[in-house]
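Next come the chains, spelled out residue by residue.
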Amino acid sequence: MTRIKCTDLRGKKPDDLQKQLEDLRQELNVLRVGKVTGSGGAAKLSKIRSVRKSIARVLIVTHQTTKENLRKLYHGKKFKPKDLRPKKTRAIRRLLTRKEKSIRSAKTKRKQWAFPRRVYGVKA
Amino acid sequence: MAPKKEPAKKKETTATASASAASTASTTTTTASASVTKKAKVPTTTTGPKTGAVTSSAGSDGTKVVTKQKKEKVKTTALKAKQRAMRGNQLTRKRKIRTTPTFRRPFTLRLQRTPKYPRRSVPKRNRLDHFAIIKYPLTTESAMKKIEDNNTLVFIVNIRANKPSIKAAVKKMYDVDAEKINTLIRPDGEKKAYVRLKADHDALDVANRIGII
């Protein structure tokens, strides 16, 4: 079997990917049986690893595409699923937002406008 | 709705009093038709003035329209009073008689959940599917004996699998029906499943098909 590449997988439709996944898993099953019965030899035994990694690649691609599509679906909406929201850290998520921090009362705004920080220079 | 229409009616009655018969008839009919188009309830009350309007062409029947209206108004108030008498004045409520000293919480409305967003965007995939349940068949001497003599296959199975899921997995993977399944956990931590096949299956054939001989 030629080496499965992620770039090839990304072009495929989800049904095709599912089917490929099932085929790979069947193959893995057969290989495992071969391992136990002692048939096959070194070639077949080494193939187990490649099949396992191919299965992983298919799963990665399916998961990534679904996630990407979901992100597009929820883009701009107020309520998103929690795993689509920015993760950062728990503490950072609880901090005030930049907008919330920059809010000033009318009184302070007036003060800042009326009495700004002055910069002076000494005339040489 | 009745009070709203009355000023309109009263206006037309004054019109009938002042203007000529034919013109008033036309205006009343137009207003009646206009009010008919508004709602379904309206025609029932407009038929009254309508007939009144027809008769008002005579001139003296302008007063008849007024009395008919007033009759209706009085009627409705009388009807209301009757209804109220029947159902009782609901402003004063009767106190409920309590026969036990305990107060039990009454049944309240329990709404179903309607989440604004799913907590997980993608539902978790089942990691213990039939591929993961059956790891591999055993090919030891005792396992071979079981195939020949007892029509059973022996598998090493995921330790988290249970008998019905093993049965389903075997059915899905190898197209065979299991009569019964016995499981045990080996000392090295793996689960072994003895799958006795139904009489119409031959374990030897199935074993050949799988690849264990």
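No experiment lies behind these values; they were computed from the predicted model shown.

## Describing the confidence of the model for chain B
Close reading of the predicted structure is inappropriate where its pLDDT is low.
Residue and element names in this part refer to chain B.
Thinking step 1. The predicted model of chain B has a mean per-residue pLDDT of 76, with 64% of residues at 70 or higher.
Thinking step 2. Note on residues 1-61: pLDDT under 50 across the span, and 38 contacts to partners over four residues away in sequence or across chains.
Thinking step 3. In the model output, the complex is listed with pTM 0.65 alongside ipTM 0.80.

## Observations concerning helix 3 (residues 42-74) of chain A
All names here are of chain A.
Thinking step 1. With 33 residues, helix 3 extends 49 Å between its outermost C-alpha atoms, agreeing within 8% with the 48 Å of an ideal straight helix rising 1.5 Å per residue.
Thinking step 2. Regarding helix 3, the residues found buried are I48, V51, S54, I55, R57, V58, V61, T62, K67, L70 and Y74.
Thinking step 3. Turning to helix 3, the residues buried within the fold contact helix 1 (6-10) and helix 2 (14-37).
Thinking step 4. Following helix 3 by one or two positions, G76 has its phi on the positive side, about 85 degrees.

## Re the layout of surface pockets
Thinking step 1. Considered as a void within the structure, the largest pocket measures approximately 870 Å³ in volume.
Thinking step 2. In terms of lining, the largest pocket is formed by 31 residues, of which the most central are Q18, L21, L59 and T62 of chain A together with R125 of chain B.
Thinking step 3. Elements represented by at least two residues in the lining of the largest pocket include exactly helix 2 and helix 3 of chain A together with helix 5 (130-133) and helix 7 (163-174) of chain B.
Thinking step 4. A class-by-class count of the residues in the lining of the largest pocket yields 8 nonpolar, 9 polar and 14 charged.

## Examining a positive patch on the surface
Thinking step 1. Taken together, the side chains of K82, R85, K87, R90, R93 and R94 of chain A together with R113 and R119 of chain B present a region of like positive charge at the surface.
Thinking step 2. When you line up the elements, R85 of chain A lands in the loop between helix 3 and helix 4 (90-94).

## Considerations on the interface of chain B and chain A
Thinking step 1. Each side of the interface is counted separately: chain B has 20 residues, and chain A has 19 residues.
Thinking step 2. Taking both sides of the interface into account, the surface hidden between chain B and chain A amounts to around 1600 Å²; carbon and sulfur atoms contribute 65%.
Thinking step 3. When the buried surface of chain B facing chain A is broken down by residue, Y117, S121 and F131 of chain B rank first, second and third, together holding 36% of it.
Thinking step 4. In this structure, the connection of chain B to chain A is made through 1 salt bridge.
Thinking step 5. A salt bridge links R25 of chain A to D129 of chain B; the nearest nitrogen and oxygen atoms lie 2.8 Å apart.
Thinking step 6. Our count for the contact surface shared by chain B and chain A stands at 4 residue pairs in polar contact (both at pLDDT 80 or more).
Thinking step 7. Mapped by element, the contributors of at least two residues to the side of chain B that touches chain A are helix 5, strand 1 (134-137) and helix 7 of chain B.
Thinking step 8. No other element matches the 3 residues that strand 1 of chain B contributes to the side of chain B that touches chain A.
Thinking step 9. For the side of chain B that touches chain A, a count of residues per class yields 11 nonpolar, 3 polar and 6 charged.

## Regarding the environment of R209 of chain B
All names here are of chain B.
Thinking step 1. Among the structural elements, R209 can be located in helix 8 (residues 203-210).
Thinking step 2. Discounting chain neighbours no more than four positions away, the residues touching R209 are Y174 and V176.
Thinking step 3. In this structure the side chain of R209 is engaged in a polar contact, spanning 3.0 Å, whose partner is the backbone oxygen of Y174.

Parameters and conventions
Residues numbered from 1 in each chain as written. Chains lettered and ligands numbered in written order. Predicted model: local features only at pLDDT ≥ 70, side-chain atom pairs only at ≥ 80, totals over all residues. Heavy atoms only, no water. pLDDT = per-residue confidence, 0-100. Contact = heavy atoms within 4.5 Å. Helix = DSSP H or I, 4+ residues; strand = E, 2+ residues; numbered from the N terminus. Expected span 1.5 Å × (residues − 1). Buried < 20%, exposed > 50% of the residue type's maximum accessible area, 1.4 Å probe, protein only. 1 Å grid on protein atoms, 1.4 Å probe; cavity = no way out; pocket = protein on both sides within 12 Å on 5 of 7 lines; lining within 4 Å. Points joined across faces, edges and corners; volume = space filled by probe spheres on them. Nonpolar A, V, L, I, M, F, W, Y, C, P; charged D, E, K, R; others polar. Patch = residues over 30% accessible without salt bridge, like charges linked within 9 Å, V, L, I, M, F, W, Y side chains within 5 Å. Areas by Shrake-Rupley, 256 points an atom, 1.4 Å probe, with all protein chains shown as cover. Salt bridge = Lys/Arg side-chain N within 4 Å of Asp/Glu carboxyl O. Lys, Arg positive; Asp, Glu negative; His and termini not counted. Charge placed at Lys NZ, Arg CZ, Asp CG, Glu CD. Buried area = accessible area lost by both parts, 1.4 Å probe. Polar contact = N/O pair within 3.5 Å; in protein donor to acceptor, adjacent residues only side chain to side chain.

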